[in-house]
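# A structural walkthrough
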Amino acid sequence: MNSPDLSATGHEALQAALRAGERAPSVCNSRPWIISDERDRLAVIADPDSRLDVADPQSRELVLSCGAALYNIRAALRAEGVIPEVAILPDPDRPGRLAEVAAGRAAEPDDDTRAHAAAIARRHTHRGLFTTDVDDVALVRDLIAAAATEGAALLPLTDEPLVRSLAGLVAAAEHLHRHERTRSDELARWVRPSGSPSPEGVHAEDFPADPDGALFAGRDYGQKRIRGLLDAPGAVTGTVALLTTAEDTRNAWLAAGQALERILLAATAEGVSAAFHTQPLEEPLLRSFIAERLCEDAHPQMILRLGRPTPHGARPADSPTPR
Ligand SMILES: Cc1cc2nc3c(=O)[nH]c(=O)nc-3n(C[C@H](O)[C@H](O)[C@H](O)COP(=O)(O)O)c2cc1C
């Protein structure tokens, strides 16, 4: 990992990678990472102050979010022509230090590598219905392969009764959360009104006023204390998929986060967006039920719907979440 005579190119590449890391998806846009520039490397450090203590007491979603940031760093470095050298959980005495990434040898990026990294700025979370599901079998295969490369598994649910069962569990968890005051207060703290310049939190423009207008219930972000403004017409649920890992450790959560972002960038590059429904995975008993019934006892890390967004529901490329 030591590269004391880091070239100017290597340093610029690390700076670009740092900016890419900051654009990762994160639970409630809490951006629970500190990406520290340590001259010859970047460190991805978990920020415990940004944890959702009620929804995520184990920091599973926090570490997943950091894994997504780590993947962006890796993808951006490759696009800058630098092979990333990654050390996962490099210091057992500092478990919050999740990863270090140093600039390794030079390697000319190919078009696919560049296109993959270019998707970082275009990727956005979708909420509401889609125009179509993932209507391309080859892309579904690519997304499954993307997850496997990162040590996770993507399981598309093709059986309609199973999709409906999962939607029922999402609705049940969402119902519980709306009636649990500490939970809705916590969510509401991460919601920002329209026009807020805050780089963190979910902005009113990014979620619909009616989170129940679809088979898969959306979060209502704290009982509508701030009303969602997203206009997201569409008629299709999308392709429903579970992201799983064999273990349920910090290491596995980091792998899941990297797999998630690899999937999202590959999808974005093909014009496909993703919606997330984490609500039942925040309820330990529902999570173990999903593991047993839908994941062959692997550990579910994320529930996704993938599809092509409607022209109106899609956020224009030139107005990203402020950050
Ligand atoms: C671990 C994790 C869990 C998430 N859970 C949800 C969710 O349950 N519902 C939702 O609408 N978005 C969810 N998101 C998406 C975030 O809210 C989103 O990434 C964040 O607001 C930033 O917006 P962006 O992805 O458009 O950049 C989740 C993201 C991550 C990484």
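The rules behind each value
Residues numbered from 1 in each chain as written. Predicted model: local features only at pLDDT ≥ 70, side-chain atom pairs only at ≥ 80, totals over all residues. Heavy atoms only, no water. Core = buried A, V, L, I, M, F, W, Y, C linked by side-chain atoms within 4.5 Å. Buried < 20%, exposed > 50% of the residue type's maximum accessible area, 1.4 Å probe, protein only. Helix = DSSP H or I, 4+ residues; strand = E, 2+ residues; numbered from the N terminus. Contact = heavy atoms within 4.5 Å. Axes fitted to C-alpha atoms, helices over the stretch in contact; angles between N-to-C directions. Parallel < 35°, antiparallel > 145°, perpendicular 65-115°, else oblique. Left-handed = near helix turned anticlockwise from the far one by under 90°. Nonpolar A, V, L, I, M, F, W, Y, C, P; charged D, E, K, R; others polar. Expected span 1.5 Å × (residues − 1). Arc of directions from axis to C-beta. Polar contact = N/O pair within 3.5 Å; in protein donor to acceptor, adjacent residues only side chain to side chain. Domains from an automatic or database assignment. Buried area = accessible area lost by both parts, 1.4 Å probe. Salt bridge = Lys/Arg side-chain N within 4 Å of Asp/Glu carboxyl O.

## With respect to the nonpolar core
By size, the foremost hydrophobic cluster in this structure holds 56 residues, and its most contacted members are Leu143, Leu154 and Leu243. Residue contributions to this core peak at twelve residues, all from helix α2 (residues 60-79). Once you skip the residues sitting within four places of it in the chain, Leu154 turns out to touch Leu143, Ile144, Ala147, Ala241, Leu242, Leu243, Ile263 and Leu304. Grouped together as the second largest cluster of nonpolar side chains are 18 residues, Ala167, Phe216, Leu242 and Leu286 included.

## Examining the packing of α2 against helix α7 (residues 250-269)
Any two packed helices are characterised by how steeply their axes cross, that is the angle between the axes, and by the distance between the axes. Running from N to C, α2 and α7 cross one another at 55 degrees; their axes reach a closest spacing of 7 Å. With respect to α7, the axis of α2 lies oblique. Crossing geometry of α2 relative to α7 is assigned as right-handed. Residues Arg60, Val63, Leu64, Cys66, Gly67, Ala68, Leu70, Tyr71, Asn72, Arg74 and Ala75 of α2 touch α7, and the partners they reach there are Arg250, Trp253, Leu254, Ala256, Gly257, Gln258, Leu260, Glu261, Arg262 and Leu265. Looking at the contact of α2 with α7, its residues break down into twelve nonpolar, four polar and five charged.

## Quick look at helix α4 (residues 137-149)
Relative to the 18 Å expected for 13 residues at 1.5 Å per residue, α4 spans 18 Å between its end C-alpha atoms, a close match to the ideal helical length. Listed in full, the buried residues belonging to α4 are Leu139, Val140, Leu143, Ala146 and Ala147. Along the axis of α4, the buried residues cluster in a sector spanning 115 degrees; they form a single face. Within α4, the exposed residues directed more than 90 degrees away from the buried face are Val137, Arg141 and Thr149. In this structure, the buried side of α4 is in contact with β6 (153-156), β9 (239-245), α7 and β11 (299-308). The opening residue of α4 is Asp136, an N-cap whose side-chain oxygen sits 3.0 Å from the backbone nitrogen of Ala138. Remark: Gly151 follows α4 within two positions and exhibits a positive phi of approximately 85 degrees.

## Overview of the environment of Thr9
By secondary structure assignment, the location of Thr9 is in helix α1 (residues 8-21). Here Thr9 falls in the exposed class, since its relative accessible area comes to 51%. Along the sequence, Thr9 and Ala106 sit 97 residues apart, while their C-alpha atoms lie 9.5 Å from each other.

## Topic: unusual backbone geometry
Despite not being glycine, Asn29 has its phi angle at roughly 50 degrees, a positive value. Tracing the chain through its elements places Asn29 in the loop between α1 and β1 (33-37). For Asn29, a relative accessible area of 8% translates into the label buried. Even without being glycine, Arg39 reaches a positive phi, approximately 65 degrees. Along the chain, Arg39 falls in the loop between β1 and β2 (41-46).

## Thoughts on the domain arrangement of the protein chain
Considered domain by domain, the protein chain is made up of domain 1 (8-122) and domain 2 (132-308). Between domain 1 and domain 2, the C-alpha centre-to-centre distance is 21 Å. Listed as interface residues are 35 residues of domain 1 and, on the opposing side, 36 residues of domain 2. Contact with domain 2 buries area across many residues of domain 1, yet Cys28, Arg60 and Leu64 alone supply 22% of it, more than any other trio. One salt bridge in this structure joins Glu61 and Arg219, with 4.0 Å as the shortest N-O distance. Our enumeration of links across domain 1 and domain 2 arrives at ten residue pairs in polar contact (both at pLDDT 80 or more). Going through the elements one at a time, α2 and α3 (111-122) are the ones with two or more residues in the side of domain 1 that touches domain 2. By residue number, the principal contributor to the side of domain 1 that touches domain 2 is α2, which donates twelve residues. The class makeup of the residues in the side of domain 1 that touches domain 2 is 20 nonpolar, nine polar and six charged.

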